[in-house]
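In case you want the letters, here they are:
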Amino acid sequence: MMQRPLPPADYSLKETSPHLGGVASMGDKLTSTYDLVEQMQYLYVRVVKAKDLPAKDVTGSCDPYVEVKLGNYKGTTRHFEKKTNPEWNQVFAFSKERMQASGIEVTVKDKDFGKDDFIGRVLFDLSEVPKRVPPDSPLAPQWYRLEDKKGDKAKGELMLAVWMGTQADEAFPEAWHSDAAAVPSEGLANIRSKVYLSPKLWYVRVNIIEAQDLQVSDKGRYPELYVKAVLGNQALRTRVSPSRNVNPMWNEDLMFVAAEPFEEHLVLSVEDRVGPNKDEVLGKTVIPLQNVDRRLDYKAVNTRWFNLEKHVIVEGDQKKKETKFSSRIHLRICLDGGYHVLDESTHYSSDLRPTAKQLWKPSIGVLELGILTAQGLLPMKTKDGRGTTDAYCVAKYGQKWIRTRTIIDNFMPKWNEQYTWEVFDPCTVITIGVFDNCHLQGGDKASGTKDSRIGKVRIRLSTLETDRVYTHSYPLLVLHQSGVKKMGEVQLAVRFTCSSLLNMLHIYSQPLLPKMHYLHPLSVTQLDNLRHQATQIVSMRLSRAEPPLRKEVVEYMLDVDSHMWSMRKSKANFFRIMGVLSGLIAVGKWFDQICNWKNPLTTVLIHILFIILVLYPELILPTIFLYLFLIGIWYFRWRPRKPPHMDTRLSHADTVHPDELDEEFDTFPSSRPPDFVRMRYDRLRSVAGRIQTVVGDLATQGERLQSLLSWRDPRATALFVTFCLIAAIVLYVTPFSVVALLTGIYVLRHPRFRHKLPSVPLNFFRRLPARTDSML
């Protein structure tokens, strides 16, 4: 089969030199507000209110509104009925790039059934409009006397403020934009920029201990009792109690995810399995999460007895007569604040802090992101017989999501918006996605449609040098059933500023996740299920915001389907492992050549080195560490200068077989016809998905070893290289027998002297970057 991949250059990162903050960026630190984006000039008109407007209708009333006109662009305020002193307080923004007139016309009109009546107007010459540069105070509005069409004074006054400014102006986000003049008023909310906060997620731990005095309907059989727990759309059940009587024991933990503010109650029901697929509810209790204890560590929470209410079956309008009921259940419930609730793929986490704020460490720096422009976007939908794209960006880091404004009908949109996040851990990833807005009509007109994904960019903070401005154009790559496709490029400016280098280097010695994950770990299956619930909750809450951040957007940003089986990913992970092992294989071949005297001079030198190390064994370790130190310093010249990005060759996206892509994009469960094949196919995919994860994790560990000296994470390599130098010196002056003795004693130390938390070297190793960031 002929493969026709696009040239690799199409998928590469390109360095750019935009005019950030009005000056060309060359990687220097800039200081002004909005310094990571290009300045865009806007003419702002704030229409505040009017007074003493004349009555124009036959009825003697006035229904006023204001029309702001600049060339072909026209914005209107809402109208008030029967009001001569209306107050609008609306802002209009006209892009300077598209100005076609030398003057601006602000007209007050009276809404009428036929033609709207002219009340009066105010004219401004653009050359006389003042400039405003934040942080200067906003321009104070003034009263202007209305004029008629001849320029004579008319009755009534209008309060206005007119000024030239940039997108840094605080009036910008909520203003009406001339760029979006074609969007109906009900769709305007869907195109504005917005900042969202993810809901605060908690793990809810329910320890079901026992129940007492249950009343079963059939006294002549041993009951099969279990507890079913429901929280929102999450449902879990205990195993059937081994004690087959009316006082069952379980002592089982169930875990749920809940989000503040707590909307759903926890509902527990004790049920009896009276037959196949037939369960009888013996009693229920409803527990509001607001009343549940919160804990930060693993200290035991007090147990409580809850009364079980009789499950009443309603027949018509008649209720069964309530009998005296004294069953109860013994529980230990708490909100576990010591864990980090995972809602993202573990490979691309942007936040690793525990839920409880009391356990948060101080921030170590600030991440600033400038979303500049996009180039070469493809048409995503058809409108009036031609292709069009209405693009917006979403960025997610920690709990803060941002959404830029939508640029209407443009394949080269310019956003030039800047956002800031606090950073608590450098070994985290920011995700930026580009989408096509399919909800410009607003309301129910666009119901059922989904915003299309254009592409995604991930940037790992630890691969960025501090205080340097990175300006690159990132290819937007999406995998379709037809293969990998470049949807365009997005231009970003990124700066990671560190408040204290010592604090940040100290973070490298800390465990990646909060202590509770190591002291009382959750199983892999449990974490997978909880992560699925967490992503569902986050997407549901954000889709209820105004304007909504839609479910399809949130799920794409959170990599919801990253665990699904794919032949392509398995191949890619296998070749990653082979890439890691290739170094060892090369050393083996080289050693074989030494043994076979392929190069006599090298072999003689190796013999001399071997004899020296045998005669002076104390030189072995210093020589190894010194060698590693020199290799690290040697590689410094070729350290990566660009942040890593999606790599189509690494992901095997440009050479994948069509049949394998068909399998990758097949639904789960499979949509292939025969039921038997479907069952086997799905079982294979679920098993292979786990194998794929293990293979990927092995590759990750090997790549972390490689990144010790590769300067992919400059701070980590600097720490390791410094350690190698110190270790070489210390081991040189310390007798080898002493080192061997101390090492042996330390390795064989008593369990009493061992700590449950991972060691500092292990924490450091787990924080090193791997090539998972570059996986598509």
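Residues numbered from 1 in each chain as written. Predicted model: local features only at pLDDT ≥ 70, side-chain atom pairs only at ≥ 80, totals over all residues. Heavy atoms only, no water.

For the rest of this paragraph, the subject is the overall build of the protein chain. Across its full length, the protein chain holds twelve helices and 34 strands. The principal-axis extent of the C-alpha atoms belonging to the protein chain is close to 105 × 90 × 55 Å. Across the 776 residues that make up the protein chain, the buried fraction comes to 47%. As displayed, the protein chain offers around 40000 Å² of accessible surface, 57% of which is attributable to carbon and sulfur atoms. If you average the places of the 103 positive and of the 87 negative side-chain charges in the protein chain, the two averages end up 4 Å apart. (Helix = DSSP H or I, 4+ residues; strand = E, 2+ residues; numbered from the N terminus. Buried < 20%, exposed > 50% of the residue type's maximum accessible area, 1.4 Å probe, protein only. Areas by Shrake-Rupley, 256 points an atom, 1.4 Å probe, with all protein chains shown as cover. Lys, Arg positive; Asp, Glu negative; His and termini not counted. Charge placed at Lys NZ, Arg CZ, Asp CG, Glu CD.)

Per the UniProt record, "domain: C2" (unreviewed entry) is annotated on residues 24-144, 185-306 and 348-474. Strand forms 54% of residues 185-306 and helix 0%; the C-alpha atoms that close the span are 53 Å apart. (UniProt positions renumbered as here; feature names shortened; annotations may be inferred.)

Once that is clear, we can look at the sheet that holds strand β15 (residues 225-231). Strand order across the open sheet formed by four strands is β16-β15-β18-β19, with antiparallel pairing between neighbours. Edge positions in the open sheet fall to β16 (234-237) and β19 (278-287), since each of these has one partner strand only. For this sheet the average axis-to-axis angle between neighbouring strands, irrespective of direction, equals 20°. When strand β18 (residues 266-275) meets β19, the two strands line up antiparallel, connected through nine bridges. (Pairing = 2+ DSSP bridges. Axes fitted to C-alpha atoms, helices over the stretch in contact; angles between N-to-C directions.)

Bringing the nonpolar core into the picture now. Ranked by internal contacts, the top residues of the largest apolar core, which has 62 residues, are Trp-401 and Leu-492. Residues Leu-53, Phe-92, Ile-119 and Leu-160 belong to the second largest nonpolar core, which totals 35 residues. (Core = buried A, V, L, I, M, F, W, Y, C linked by side-chain atoms within 4.5 Å.)

Okay, the environment of Leu-461 next. Among the secondary structure elements, Leu-461 is positioned in the loop between β32 (452-460) and β33 (469-480). Between the C-alpha atoms of Leu-461 and Ser-350, which are 111 residues apart in sequence, the distance is 9.4 Å. Residues within four places of Leu-461 in sequence aside, it is in contact with Leu-367, Tyr-397, Val-423, Pro-426, Thr-428, Ile-430, Phe-496 and Arg-715. (Contact = heavy atoms within 4.5 Å.)

We now examine a nonpolar patch on the surface. Taken together, the side chains of Trp-597, Leu-601, Val-604, Leu-605, Ile-608, Phe-610, Ile-611, Ile-612, Leu-615 and Tyr-616 define a hydrophobic patch exposed on the protein surface, amounting to about 1000 Å² of accessible area. Tracing the backbone shows Phe-610 in helix α6 (residues 600-615). (Patch = residues over 30% accessible without salt bridge, like charges linked within 9 Å, V, L, I, M, F, W, Y side chains within 5 Å. Salt bridge = Lys/Arg side-chain N within 4 Å of Asp/Glu carboxyl O.)

Attention shifts here to the confidence of the model for the protein chain. Across the protein chain, the average pLDDT comes to 84, with 91% of residues at 70 or higher. In this model residues 314-324 is a low-confidence stretch, pLDDT under 50, and it forms seven contacts with partners more than four residues away in sequence or in other chains. (pLDDT = per-residue confidence, 0-100.)

Taken as a whole and assessed by the stated rule, the structure comprises 37 salt bridges. Linked through salt bridges whose partners overlap, the residues forming this network are Arg-205, Asp-253, Arg-295 and Asp-336.

What follows covers the pairing of strand β9 (residues 117-125). Walk down a regular strand and you will see the side chains alternate between the two sheet faces. The sheet contact formed by strand β8 (residues 103-110) and β9 spans eight bridges and is antiparallel. Directly across from Gly-103, in β9, lies its bridge partner Asp-125.

This next bit is on the pairing of strand β10 (residues 142-147). Pairing of β10 with strand β11 (residues 153-166) involves five bridges; the strand directions are antiparallel. What sits directly across from Tyr-144, in β11, is Leu-158. In this structure, the hairpin formed by β10 and β11 is closed by a connection of five residues, where Gly-151 is found at a positive phi of approximately 100°.

Turning to the UniProt feature "transmembrane region" (unreviewed entry) in the protein chain, a few remarks are in order. UniProt records the feature "transmembrane region" (unreviewed entry) at residues 574-591, 603-636 and 718-748, using the numbering of this structure. Span residues 574-591 is 100% helix and 0% strand, its end C-alpha atoms 25 Å apart.

Across residues other than glycine, the phi torsion is negative in most instances, and most of the peptide bonds are trans. Of note, the bond from Glu-260 into Pro-261 is cis; its omega dihedral lies within 30 degrees of zero at -10°. For Pro-261, the location among the structural elements is in the loop between β17 (249-260) and β18. A cis amide bond, omega -5°, links Glu-546 with the succeeding residue Pro-547. Note on placement: Pro-547 falls in the loop between α3 (524-542) and α4 (551-557). For Asp-409, which is not glycine, the phi torsion reads 45° and is therefore positive. With respect to the helices, strands and loops of the structure, Asp-409 is situated in the loop between β29 (400-403) and β30 (414-423).

What follows covers the packing of aromatic side chains. What the rule picks out here adds up to 16 aromatic pairs. With 6.1 Å between their ring centres and 50° between their planes, Tyr-508 and Phe-764 make a pair best called tilted. Linking Tyr-508 in the loop between α1 (501-507) and α2 (516-519) with Phe-764 in helix α12 (residues 760-766), this pair joins segments that are 256 residues apart in sequence. One exposure class covers both Tyr-508 and Phe-764, and it is buried. Ring centres of Phe-574 and Phe-575 lie 5.6 Å apart, and the angle between their planes is 70°; this geometry places the pair in the edge-to-face category. For Phe-574, a relative accessible area of 45% gives the class partly exposed. The partly exposed category is assigned to Phe-575, whose relative accessible area is 45%. Here a set of aromatic residues connected by ring pairs shows up, and it is made of Tyr-42, Tyr-44, Trp-163 and Phe-172. If you follow Lys-83 out to its NZ or CZ, it ends over the ring of Phe-80, 5.0 Å from the centre. (Phe/Tyr/Trp six-rings, centres within 6.5 Å; stacked < 30°, edge-to-face > 60°. Lys NZ or Arg CZ within 6 Å of the ring centre and 35° of its normal.)

This brings us to the sheet that holds β33. Taken together, the five strands give an open sheet; going across it, the order is β1-β33-β34-β25-β30, and neighbouring strands pair in antiparallel fashion. The open sheet is flanked by β1 (14-15) and β30, the only strands paired with a single partner.

Taking 1.5 Å of rise per residue, 29 residues should cover 42 Å, and helix α5 (residues 567-595) covers 41 Å from first to last C-alpha, within 8% of that figure. Its axis deflected by about 35° at Leu-581, α5 carries its strongest bend there. Listed in full, the buried residues belonging to α5 are Arg-568, Lys-569, Ser-570, Ala-572, Asn-573, Arg-576, Ile-577 and Ile-594. Positive phi shows up at Trp-597, right after α5, with a value of about 55°. (Expected span 1.5 Å × (residues − 1). Bend = angle between axes of the 7 residues up to and from the residue.)

Turning our eyes to something else, we now look at the environment of Phe-94. If you trace the backbone, Phe-94 turns up in strand β7 (residues 87-95). In sequence terms Phe-94 and Thr-303 are 209 residues apart; their C-alpha atoms lie 64 Å from each other. Setting aside its immediate chain neighbours within four residues, Phe-94 contacts Gln-41, Tyr-42, Leu-43, Val-45, Val-68, Leu-70, Tyr-73, Met-99, Ile-104, Trp-176 and Ser-178.

With that settled, consider the side chain of Thr-389. By secondary structure assignment, the location of Thr-389 is in the loop between β27 (386-388) and β28 (391-397). What makes Thr-389 buried here is its relative accessible area of 0%. There is a polar contact of 2.7 Å between the side chain of Thr-389 and the backbone oxygen of Leu-378. In terms of polar contacts, Thr-389 uses its side chain to reach the backbone amide nitrogen of Met-380, at 3.1 Å. (Polar contact = N/O pair within 3.5 Å; in protein donor to acceptor, adjacent residues only side chain to side chain.)

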